[in-house]
Amino acid sequence: MKQKFLALLLSLLVVMSADAQKPLNIRDVFRTMPDSLAPYLTTNNRLDMMDFMDARMKSVVTNSLDGQTEMLALTDDSLSLRLNPCVLLDLWLVPVDTGRVVALRRTYQVSDRQHQVVEERFTPDWRPLSRLIGKSTLLRRDDDVLNGVK
């Protein structure tokens, strides 16, 4: 009886260690992304978009605001979403000395010449690593308007 228990315990440990060594990919990270980063995109929406991409279909879902969200690209270490007509969300797995970091960039498009970019960094289990980093063309556009540039 002890030998059977020991064999069962050893096989369980082997299975667990094999799962722990599984390489990290963007699908796992996107699947566990907190809802607060894209509040109107549910977990089922995220899973459906990945399934559609795998089936080589147009990856569009109806989000909880009754709008359309589309996955534009999906690779092993990056993805790109159009959350709505004005917001793009990009995720990357970036290699660093200690493993990998998740880089998230949201681009808010106001017009053809105006946009705001917000970048954040996270651990793969979504703990923040840096404060928001923002870049904007809004002030530059104000200068263009004052100088008569269309």
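Everything that follows concerns the structure shown earlier in this document.
Residues numbered from 1 in each chain as written. Predicted model: local features only at pLDDT ≥ 70, side-chain atom pairs only at ≥ 80, totals over all residues. Heavy atoms only, no water.

**Focus: the packing of aromatic side chains**
Okay, step 1: Taken as a whole and judged by the stated rule, the model has 1 aromatic pair.
Okay, step 2: The ring of Phe 30 carries the charged tip of Arg 46 above its face, separated from the ring centre by 5.9 Å. (Phe/Tyr/Trp six-rings, centres within 6.5 Å; stacked < 30°, edge-to-face > 60°. Lys NZ or Arg CZ within 6 Å of the ring centre and 35° of its normal.)

**Observations regarding the nonpolar core**
Okay, step 1: Grouped together as the largest cluster of nonpolar side chains are 24 residues, with contacts concentrated most on Phe 30, Leu 81, Leu 91 and Trp 126.
Okay, step 2: When residues of this core are traced back to their parent elements, those giving at least two are α2 (26-31), α3 (43-54), β2 (68-74), β3 (78-84), β4 (87-96) and β5 (99-111).
Okay, step 3: Here this core gets 4 residues from one element, more than from any other, and that element is β4.
Okay, step 4: Residues in contact with Leu 91, not counting those within four places in the same chain, are Ile 26, Phe 30, Met 33, Asp 77, Ser 78, Leu 79, Val 102, Ala 103, Leu 104 and Trp 126. (Core = buried A, V, L, I, M, F, W, Y, C linked by side-chain atoms within 4.5 Å. Buried < 20%, exposed > 50% of the residue type's maximum accessible area, 1.4 Å probe, protein only. Helix = DSSP H or I, 4+ residues; strand = E, 2+ residues; numbered from the N terminus. Contact = heavy atoms within 4.5 Å.)

**Quick look at the pattern of salt bridges**
Okay, step 1: For the structure shown, the criterion picks out 6 salt bridges.
Okay, step 2: Between Asp 35 and Arg 46 there is a salt bridge, with its nearest N and O atoms 3.4 Å apart. Of this pair, Asp 35 sits in the loop between α2 and α3 while Arg 46 sits in helix α3, placing them 11 residues apart in sequence.
Okay, step 3: Take Arg 46: its relative accessible area is 1%, and that puts it in the buried class. (Salt bridge = Lys/Arg side-chain N within 4 Å of Asp/Glu carboxyl O.)

**Describing the environment of Ala 103**
Okay, step 1: Topologically, Ala 103 is positioned in strand β5.
Okay, step 2: Sequence separation between Ala 103 and Asp 90 is 13 residues, and the spatial gap between their C-alpha atoms is 8.0 Å.
Okay, step 3: Every residue in contact with Ala 103, bar those within four places of it in the chain, is listed here: Asp 90, Leu 91, Trp 92, Val 94, Glu 120 and Arg 121.

**Structural notes on the environment of Ile 26**
Okay, step 1: Looking at the secondary structure, you find Ile 26 in helix α2.
Okay, step 2: Leave out the neighbours within four places in its chain, and Ile 26 touches Leu 74, Thr 75, Asp 76, Asp 77, Ser 78, Leu 79, Leu 91, Trp 92 and Leu 93.

**Things to note about unusual backbone geometry**
Okay, step 1: Phi is positive for Arg 56, close to 60 degrees, though the residue is something other than glycine.
Okay, step 2: Among the structural elements, Arg 56 can be located in the loop between α3 and β1 (60-62).
Okay, step 3: For Asp 66, which is not glycine, the phi torsion reads 60 degrees and is therefore positive.
Okay, step 4: Secondary-structure assignment places Asp 66 in the loop between β1 and β2.
Okay, step 5: Looking at Asp 66, the relative accessible area reads 67%, which means it is exposed.

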